[in-house]
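Single-letter residue listing:
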Amino acid sequence: MRLSAPIYKLKRQAKMSARAQGIPLHSALDEVAVANGFRSWSHLSATMPGSRLAHQVLGKLDRGDMVLLGARPGQGKTLLGLELALASAKTGFAGYFFTLEYTQAAVRDRLADLGADARDTDALVIDTSDQICADHIIARVGHDARALVVIDYLQLLDQKRSLPDLNAQVAALSDFARSSGAIIVAISQIDRAFDVAGKRLPDHTDIRLPNPVDLARFTKRCFLHEGELTLDPAA
């Protein structure tokens, strides 16, 4: 599908529209995408050359890694997480996608954005249970060293007061990854202050943490913004 303007100009249009209408940038990006024939900005981004970053990320991950994947809304972090799980499932590994944000139907719509067919989707374990937490994830995955687990998203894991706090759950997931050899990727919100910080990419100081979390539990940190990605070992 041909765009009405280069993608960097579309982003500029969206930023101007967001300011003019007083709406969030991700909403303005979605409006621009719809005007160009796409369902959302994430859908548009997924079809652009060079937007598929999953294999680049997978090549840098090791068994037992605990990875934090952070980005602002509309930057494609959920699609990247889904693509990581899907790529894992396609290569004979176990791909899991746990989400407290989306329904099964919404997840399948996003998989369609990635061009996944029914066979690809069936190979991926999609869990949208309200019971998702560290214990639920660990019980569902078992000690499978060939598993890649994506959690959407980190800040929702302790939304129920009956569950352990977020730091305890991160510790449990980290210990599980290390002992089982599974790779765990936790999608994370980035604080709104990043939008006016003047930085090219978010970093660990921009992670939104309403409750304290020991970020040292993450072995790698991945940040995404406007098609650029960085993936580095945690300091």
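Our structure's up above, just so we're on the same page.
Reading guide: rules and limits
- One numbering rule holds for all chains: residues counted from 1, following each sequence as written.
- Under the rules for a predicted model, residues below a pLDDT of 70 receive no local features and side-chain atom pairs below 80 are neither given nor counted, while totals for whole chains, interfaces and linings still include all residues.
- Based on all heavy atoms of the structure, the side-chain values leave hydrogens and waters out of the count.
- Helix numbers and strand numbers start at the N terminus; a helix is a DSSP run of H or I with at least 4 residues, a strand a run of E with at least 2.
- Burial classification: accessible surface area is computed with a 1.4 Å probe over protein chains only, and a residue below 20% of its type maximum counts as buried, one above 50% as exposed, and the rest as partly exposed.
- In this description, contact between two residues means that some pair of their heavy atoms is separated by no more than 4.5 Å.
- Cavities and pockets were defined on a 1 Å grid built from protein atoms only: a cavity is a group of points that admits a 1.4 Å probe but offers it no way out, a pocket is an open group of points flanked by protein on both sides within 12 Å along at least five of seven lines, and a lining residue is one with an atom within 4 Å of any such point.
- Grid points are joined across faces, edges and corners, and a volume is the space filled by probe spheres set on the points.
- Polarity classes work like this: nonpolar for Ala, Val, Leu, Ile, Met, Phe, Trp, Tyr, Cys and Pro, charged for Asp, Glu, Lys and Arg, and polar for all others, with Gly in that last group.
- Two strands pair under a simple rule: DSSP has to find at least two bridges between them.
- In this description, a nonpolar core means a group of buried Ala, Val, Leu, Ile, Met, Phe, Trp, Tyr and Cys residues linked to one another through side-chain atoms lying within 4.5 Å.
- Within this analysis, the arc is defined by the directions that extend from the helix axis to the C-beta atoms.
- Residues adjacent in sequence count toward polar contacts only when both atoms are side-chain atoms; beyond that, a polar contact is any pair of N or O atoms within 3.5 Å, and within protein one must be able to donate a hydrogen and the other to accept it.
- Note on geometry: axes are C-alpha line fits, over the in-contact stretch for helices, and angles between N-to-C directions span 0 to 180 degrees.

We now examine the environment of Ile151. Tracing the backbone through its elements, the reader meets Ile151 in strand β4 (residues 147-152). Classification of Ile151 by relative accessible area gives buried; the value is 1%. As for Ile151 and Glu101, which are separated by 50 residues in sequence, their C-alpha atoms are 10.0 Å apart. When near neighbours in sequence (up to four residues on either side) are disregarded, Ile151 contacts Phe98, Ile137, Leu157, Leu173, Ile184, Val185, Ala186 and Ile187.

Quick look at the layout of surface pockets now. In this model, the largest pocket occupies a volume close to 560 Å³. Along the walls of the largest pocket sit 26 residues, with Pro73, Gly74, Lys77, Tyr102 and Arg110 positioned nearest its centre. For the lining of the largest pocket, the secondary structure elements donating two or more residues are α2 (25-35), α5 (77-90) and α6 (104-113). Its residues assigned to classes, the lining of the largest pocket comprises six nonpolar, eight polar and twelve charged.

With six of six residues buried, strand β2 (residues 94-99) is to be regarded as a mostly interior element. With burial as the criterion, each face of β2 is covered, one bearing Ala94, Tyr96 and Phe98 and the other bearing Gly95, Phe97 and Thr99. Here β2 runs beside strand β3 (residues 124-127); their pairing, made up of four bridges, is parallel. Directly across from Phe97, in β3, lies its bridge partner Ile126.

This paragraph deals with the nonpolar core. Ranked by internal contacts, the top residues of the largest apolar core, which has 61 residues, are Leu111, Val149 and Phe218. Per-element tally for this core: the top contributor is α5, with six residues. Ignoring anything within four residues of it in the chain, the contact list for Val149 reads Tyr96, Phe98, Ile137, Val141, Ile183, Ile184 and Val185. Judged by nonpolar contacts, the second largest core, of twelve residues, contains Leu10, Ala14, Ala18 and Leu29.

Once that is clear, we can look at α6. Regarding α6, the residues found buried are Val107, Arg110, Leu111 and Asp113. All buried residues of α6 lie within an arc of 150 degrees about the axis, which places them on one face of the element. Phi turns positive, to about 80 degrees, at Gly115, one or two residues after α6.

Attention now moves to the pairing of strand β7 (residues 228-233). Bridge count for strand β6 (residues 220-225) against β7 is six bridges, and the pairing is antiparallel. The residue of β7 that forms the bridge with Phe223 is Thr230. What sits between β6 and β7 in their antiparallel hairpin is a turn of two residues, with Glu226 showing a positive phi close to 50 degrees.

This part covers the side chain of Asp206. Position of Asp206 among the secondary structure elements: in the loop between β5 (183-188) and β6. At 2.6 Å, the side chain of Asp206 forms a polar contact with the side chain of Lys199. Excluding anything up to four places from it in sequence, Asp206 contacts Gln189, Ile190, Asp191, Phe194 and Lys199.

Residue Asp152 is joined to Tyr153 through a cis peptide bond whose omega torsion reads 0 degrees. The topology assignment puts Tyr153 in the loop between β4 and α9 (166-180).

The next subject is the sheet that holds β5. With mixed pairing, seven strands are arranged side by side in an open sheet as β3-β2-β4-β5-β1-β6-β7. Bordering the open sheet on either side are β3 and β7, each of which pairs with just one other strand. The sheet shows a mean angle of 15 degrees between the axes of neighbouring strands, direction not considered. The sheet contacts of α5 involve β1 (66-70), β2, β3, β4, β5, β6 and β7, and relative to β2 the element is tilted by about 150 degrees. Set on the sheet, helix α8 (residues 134-141) makes contact with β2, β3 and β4; between it and β2 the angle comes to about 155 degrees.

Read these as geometric descriptors, not functional statements.
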